[in-house]
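This is what each chain is made of:
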Amino acid sequence: MNSNELTNNTLFTKEFTKNPYPTYAKLRETEPVYRILLPDGQYGWMITRYEDAIEALKDLRLIKNFSKLTGENEGYDSIFTHNMLFSDPPDHKRLRGLVQKAFTPRMIAEMRDRIQEITDDLLDEIAKKDSMNLIDDLAFPLPIIVICEILGVPSEDRDKFRIWSNSLIEGTNGEHAKDMAVHMQEFTKYLGDRFSKVRESPGEDLISQLIMAEEEGDKLTEKELYGVVSLLIIAGHETTVNLIGNSILSFLEHPDQLQLLQDHPEMIHTALEESLRYNGPVEFSTSRWAREDFEFKGKEISKGDLVIIALNSANHDPNQFTDPEVFDITREKSPHLAFGKGIHLCLGAPLARLEGEIAISSLLQRFPQIKLRVDTNELEWRPGMVVRGVKEIPLSF
Ligand code: HEM
């Protein structure tokens, strides 16, 4: 296959979204740094090999804040952009530093009992029914309730967050773009109202701490306050929903591995890491742009070129993982890139891992007989460039 054969007809189609791995295998073999036409009409480069992915994720010539390159703020002024994920040093360090303490493995370990309690309550509700939709009944509510509690936002508002973040993640072009603009306005207004309330009576939560930092002056601007909080709400649940969903799907498709985990619940750590590697919730890194012209693996990258890193492809690279297409929860060493690498390495990884472990273990313990109620072919994979997951997972138990 050469680059002419692999066009938008084969990339970003429903087939690709359902199972991108055969395409990735061809790309790693023939065009590991691939000139790609993205669904929004932009050209960019897609990196698919593990070693190259690590190099690119660590390469500070690939920057996140596009406006620094053009001097224009266009496209960089939405509620969601003024945060660490879309910043470069030195702003990146300052913004990440303001919230980092809340997400250290120690802080997160202290939340174990509360996360277990929320999970048990959700499972109690499921037990009252005849069947479940894993996404709506467990995978979505668990992480959103947790991140709302960390931030000090009412978790009853979670269905609004779901609409707004789905819109942001799935709707980057066409008809969706209009909905997205309206939803972003609603989200901005919601946060503005919330910030006013917190200013009147601050508490112990993370938003109160961020507001204090903003009021001190030089630590956080108002736009950054919106940016950081909206990022935490969105990143704090969108990905973990699909970690829980994709993991359970992998187990249902591999009954021998499901049995192994049920016989050895202590294997949950390696099981979770293998689930993250095998079918990770984040398909691509967020966009990076070349700060200058440079050569990367024999390709001429020009200043301003967009570069994305196919994390799930890197995690299936046979030069890094033996038998990468095999789902094997006994795999001991799994330096996967599901949480990225370099300065933007996922801040929420300890939280996501704990939520994932508790959700999967508790579900399998409580409902050991879970079965998919539809054929895997009927599952609808979510559109969009970042998140990998299905819309619904109907299960009987
Ligand atoms: C960054 C994955 C859960 C907060 C990232 C990145 C990845 C990622 C790949 C880097 C993106 C890039 O370099 O372009 C995941 C996965 C998760 C997960 C797979 C769940 C399984 C969470 C949670 C939180 C969170 C629960 C919230 C607390 C963040 C933040 C960043 C980030 C704030 C930006 C870090 C920075 O730029 O310094 N995540 N994430 N993530 N994630 Fe996560």
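Residues numbered from 1 in each chain as written. Predicted model: local features only at pLDDT ≥ 70, side-chain atom pairs only at ≥ 80, totals over all residues.

As annotated in an unreviewed UniProt entry, the protein chain carries the name Cytochrome P450 and comes from Peribacillus huizhouensis.

A. Quick look at the overall build of the protein chain. Helix and strand content of the protein chain: 17 helices and ten strands. On C-alpha atoms alone, the protein chain measures out to a radius of gyration of 21 Å, which is about the 21 Å that the 2.2 N^0.38 rule sets for 397 residues. Oriented by its inertia axes, the alpha-carbon framework of the protein chain measures out at about 60 × 55 × 40 Å. Per-residue burial for the protein chain yields a buried fraction of 40% across its 397 residues. Here the analysis covers contacts within the protein chain between residues at least 6 apart in sequence; of these, 69% occur between residues at least 24 apart. (Helix = DSSP H or I, 4+ residues; strand = E, 2+ residues; numbered from the N terminus. Rg over C-alpha atoms; globule rule 2.2 N^0.38 Å. Buried ≥ 20, exposed ≤ 12 C-beta atoms within 10 Å, placed from the backbone. Contact = placed C-beta atoms within 7 Å.)

B. Layout of the sheet that holds strand 4 (residues 131-133). Read across the open sheet, the three strands follow the order 4-10-9; overall the sheet is antiparallel. Across the chains shown, the open sheet's two edge strands, defined by having one partner strand only, are strand 4 and strand 9 (371-372). Here strand 9 pairs with strand 10 (residues 394-396) via two bridges, running antiparallel. Bridge pairing links L372 to L395 in strand 10. (Pairing = 2+ DSSP bridges.)

C. Focus on helix 17 (residues 349-366). Counted at 1.5 Å a residue, the expected span for helix 17 with its 18 residues is 26 Å, and the 25 Å between its end C-alpha atoms agrees. Against the buried residues of helix 17 lie helix 6 (105-109), helix 7 (112-127), helix 8 (134-139), helix 9 (141-151), helix 13 (222-253) and helix 15 (268-278). (Expected span 1.5 Å × (residues − 1).)

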